Amino acid sequence: MQAVKTQITELLGIRYPIIQGGMQWIGRAELAAAVSNAGGLGILTGLTQPTPQALAEEIARCRQMTDKPFGVNMTIFPTISPPPYAEYIEAIIEGGVKIVETAGNKAVEFMPRLKEAGVKIIHKCVAVRHALAAERLGVDAISIDGFECAGHPGEEDIPGLVLIPAAVRQLKIPVIASGGIGDGRGMAAALALGAQGVNMGTRFVCTEEAPLHMNIKQALVNATERDTNLIFRTLRNSARVFKNSISEEVVGIERRPGGCEFADIRALVAGARGKAALEAGDVDGGIVTAGMVIGLIDDIPSCAVLLERMAKECKEHLNRAQTYFD
């Protein structure tokens, strides 16, 4: 399949305008390298690594697996006991990584250092006003996350069909569509809405190279678009996850009369518990992050097969749409 040329492929030096977004516990070298080797942009998840030194080692490991561009995700939120973000940023820069996907309102503090080092910044947003603020700070591209997405969709519930063109209409820098995309048809729709590329998480979970148990991958393949839950809704920190016994219990607790405090659900949603479930293949063992796009996923291909198929399907759908006009 011939390369696809957009502002994003030119900016990032990749063959296809397809980015594997950061995913906690899953964005490791095996997956990132496979996506990059397939022509997309693989992304290591910085905070999946327990220390900045571990991230430096993971960057080196990824570089042994691919000579193509890859990036690192850094999600930076204010917390009571924050990790040493500045040290993680230095590990990225010292590792020679030239693309960073940032997320979180505290990421702005580290953008000047990244830009000083010549790093291209893709900032993830769930609202156009946040994207405009990031553009003013000098980021290179915006990944706009619709309500369908896995993880944190924000609290405004704007789906991609509206959010993508709303962002494109107001931004001068390239927009990457994120949330609800898992095939070439979705990619064609995103490009038609004005995006210059797509970002996928859940679709890449269901690939051969994704480092998690096959039981979890198969559960997502078997699911429908109705099989996600929004948790932390009452805490104003909504997260879209796979509908299993754990997330159902969390939703039930949040719906109790009198409300819910995080302490009431902490043990259920603990990150260590979710990580163990992914590794052991225990579908009901912990929180499994997943987007509504699971309803469109029906196989577990290699990253190479997935990206080439998506590019081919995208071209076919765009060509077919042109036949509707005289």
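Residues numbered from 1 in each chain as written. Predicted model: local features only at pLDDT ≥ 70, side-chain atom pairs only at ≥ 80, totals over all residues. Heavy atoms only, no water.

### Some words on the overall build of the protein chain
Short version of the rule: A run of H or I in DSSP counts as a helix once it spans at least four residues, and a run of E counts as a strand once it spans at least two, with each numbered from the N terminus. The atom set for the radius of gyration is the C-alpha atoms, and the globule formula is 2.2 Å times the number of residues raised to the power 0.38. The rule is simple: take the accessible area with a 1.4 Å probe, protein chains only, and divide by the maximum for that residue type; under 20% is buried, over 50% is exposed, in between is partly exposed. When checking whether two residues touch, look at their non-hydrogen atoms; a contact exists if any pair is within 4.5 Å.
In terms of regular secondary structure, the protein chain is built from 14 helices and 10 strands. For 326 residues, the compact-globule formula gives about 20 Å, and the C-alpha radius of gyration of the protein chain, at 19 Å, lands near that figure. Dimensions of the protein chain, computed from the C-alpha atoms along their principal axes, are close to 60 × 45 × 35 Å. Classification of the 326 residues of the protein chain by burial places 53% in the buried group. Nonlocal contacts in the protein chain, meaning residues at least 24 apart in sequence, comprise 61% of its contacts between residues at least 6 apart.

### Examining the sheet that holds strand β2 (residues 42-45)
Whenever strands of a sheet pair, they do so through backbone hydrogen bonds, lying parallel or antiparallel. Stated formally: When DSSP finds two or more bridges between a pair of strands, those strands are recorded as paired. Think of each axis as a best-fit line through the C-alpha atoms, taken over the contacting stretch in the case of a helix, with angles from 0 to 180 degrees between the N-to-C directions.
Read across the sheet, eight strands follow the order β1-β8-β7-β6-β5-β4-β3-β2 without closing on themselves; strand pairing throughout is parallel. Among the strands making up the open sheet, the edge pair consists of β1 (18-20) and β2. Neighbour-to-neighbour, the strand axes of the sheet open up by a mean angle of 25 degrees, direction not taken into account. Contacts between helix α4 (residues 85-94) and the sheet are confined to β3 (70-75) and β4 (99-103), with β3 contributing the most and set at about 175 degrees to the helix.

### Things to note about a nonpolar patch on the surface
This is how the line gets drawn: Like charges are joined within 9 Å and nonpolar side chains (Val, Leu, Ile, Met, Phe, Trp, Tyr) within 5 Å, but only among residues with over 30% relative accessible area and no salt bridge; these make up the patches. A 1.4 Å probe and the Shrake-Rupley method give the accessible areas. Residues count as covered only by the protein chains that appear here. Throughout this description, the term salt bridge denotes a Lys or Arg side-chain nitrogen within 4 Å of a carboxyl oxygen of Asp or Glu.
A contiguous nonpolar patch, built from Ile 158, Leu 161 and Val 162 and spanning about 280 Å² of accessible area, is present on the exposed surface. With respect to the helices, strands and loops of the structure, Leu 161 is situated in helix α7 (residues 160-170).

### Quick look at the nonpolar core
Spelled out, the test is: Residues grouped as a nonpolar core are buried Ala, Val, Leu, Ile, Met, Phe, Trp, Tyr and Cys residues, joined through side-chain atoms within 4.5 Å.
Grouped together as the largest cluster of nonpolar side chains are 81 residues, with contacts concentrated most on Ile 18, Ile 92, Ile 142, Ile 144 and Phe 204. If we skip the residues at most four places from it in the chain, Ile 18 touches Gly 40, Leu 41, Met 187, Val 198, Met 200, Phe 204, Leu 307 and Met 310. In this structure, Phe 232, Ala 239, Val 251 and Ile 265 belong to the second largest nonpolar core, which totals 13 residues.

### Here's the deal with the pattern of salt bridges
Scanning the entire structure with this criterion turns up 15 salt bridges. Taking the shortest distance from any N to any O, the salt bridge between Arg 113 and Glu 116 comes out at 3.5 Å. Pair noted here: Arg 113 and Glu 116 are both in helix α5 (residues 111-116), with a separation of three residues, about one helical turn. For Lys 124, the salt bridge identified is with Asp 145, shortest N-O distance 3.5 Å. One end of the pair, Lys 124, is in strand β5 (residues 120-125); the other, Asp 145, is in strand β6 (residues 141-145), with 21 residues separating them in the sequence. The exposure classification of Lys 124 matches that of Asp 145, with both residues buried. Through salt bridges with shared partners, a single network forms among Glu 30, Glu 58 and Arg 61.

### Digging into the side chain of Glu 135
Definition in use: In this count, Lys and Arg are taken as positive residues and Asp and Glu as negative ones, while His and the chain termini are left out. Think of a polar contact as two N or O atoms within 3.5 Å of one another; within protein, one of them needs to be a possible hydrogen donor and the other a possible acceptor, and neighboring residues in sequence only count if both atoms come from side chains.
As for its position among the elements, Glu 135 is in helix α6 (residues 128-136). Among buried charged residues, Glu 135 stands out as having no salt bridge; its nearest opposite-charge side chain is Lys 172, 5.2 Å away. Polar contacts involving the side chain of Glu 135 include one to the main-chain amide nitrogen of Ile 173, which spans 3.1 Å. Here Glu 135 is in contact with Gln 170, Leu 171, Lys 172 and Ile 173, once residues within four sequence places are set aside.

### Observations concerning the packing of aromatic side chains
So the rule is basically this: When two rings of Phe, Tyr or Trp (its six-membered ring) have centres within 6.5 Å they constitute a pair, described as stacked for plane angles under 30 degrees, edge-to-face for angles over 60, and tilted for the intermediate range. A ring is scored as having a charge over it whenever the NZ atom of a lysine or the CZ atom of an arginine sits within 6 Å of its centre and within 35 degrees of its normal.
Under the criterion given, the structure shown has two aromatic pairs. Judged by centre distance (6.2 Å) and plane angle (65 degrees), the ring pair of Phe 232 and Phe 262 falls under edge-to-face. Of the two residues, Phe 232 is situated in the loop between β9 (228-231) and β10 (239-242) and Phe 262 in helix α12 (residues 262-269); the sequence distance between them amounts to 30 residues. Overall, the relative accessible area of 36% leaves Phe 262 in the partly exposed class. The residue whose ring lies beneath Arg 240 is Phe 147, and the NZ or CZ to ring-centre distance is 4.8 Å.

### As for α4
Residue pairs three or four apart in sequence face the same way in an α-helix, which turns once every 3.6 residues. What α4 keeps buried is the set Tyr 85, Tyr 88, Ile 89, Ala 91, Ile 92 and Ile 93. Along its buried surface, α4 packs onto α3 (52-65), β3, β4 and α5. Note on α4: the residue one or two positions beyond its end, Gly 96, has a positive phi of about 80 degrees.

### A short note on the environment of Gly 180
Secondary-structure assignment places Gly 180 in the loop between β7 (175-178) and α8 (184-192). For Gly 180, a relative accessible area of 30% corresponds to the partly exposed category. Separated by 19 residues in the primary sequence, Gly 180 and Leu 161 have C-alpha atoms spaced 9.9 Å apart. Excluding residues that lie within four positions of it along the chain, Gly 180 makes contacts with Glu 148, Val 293 and Leu 296.

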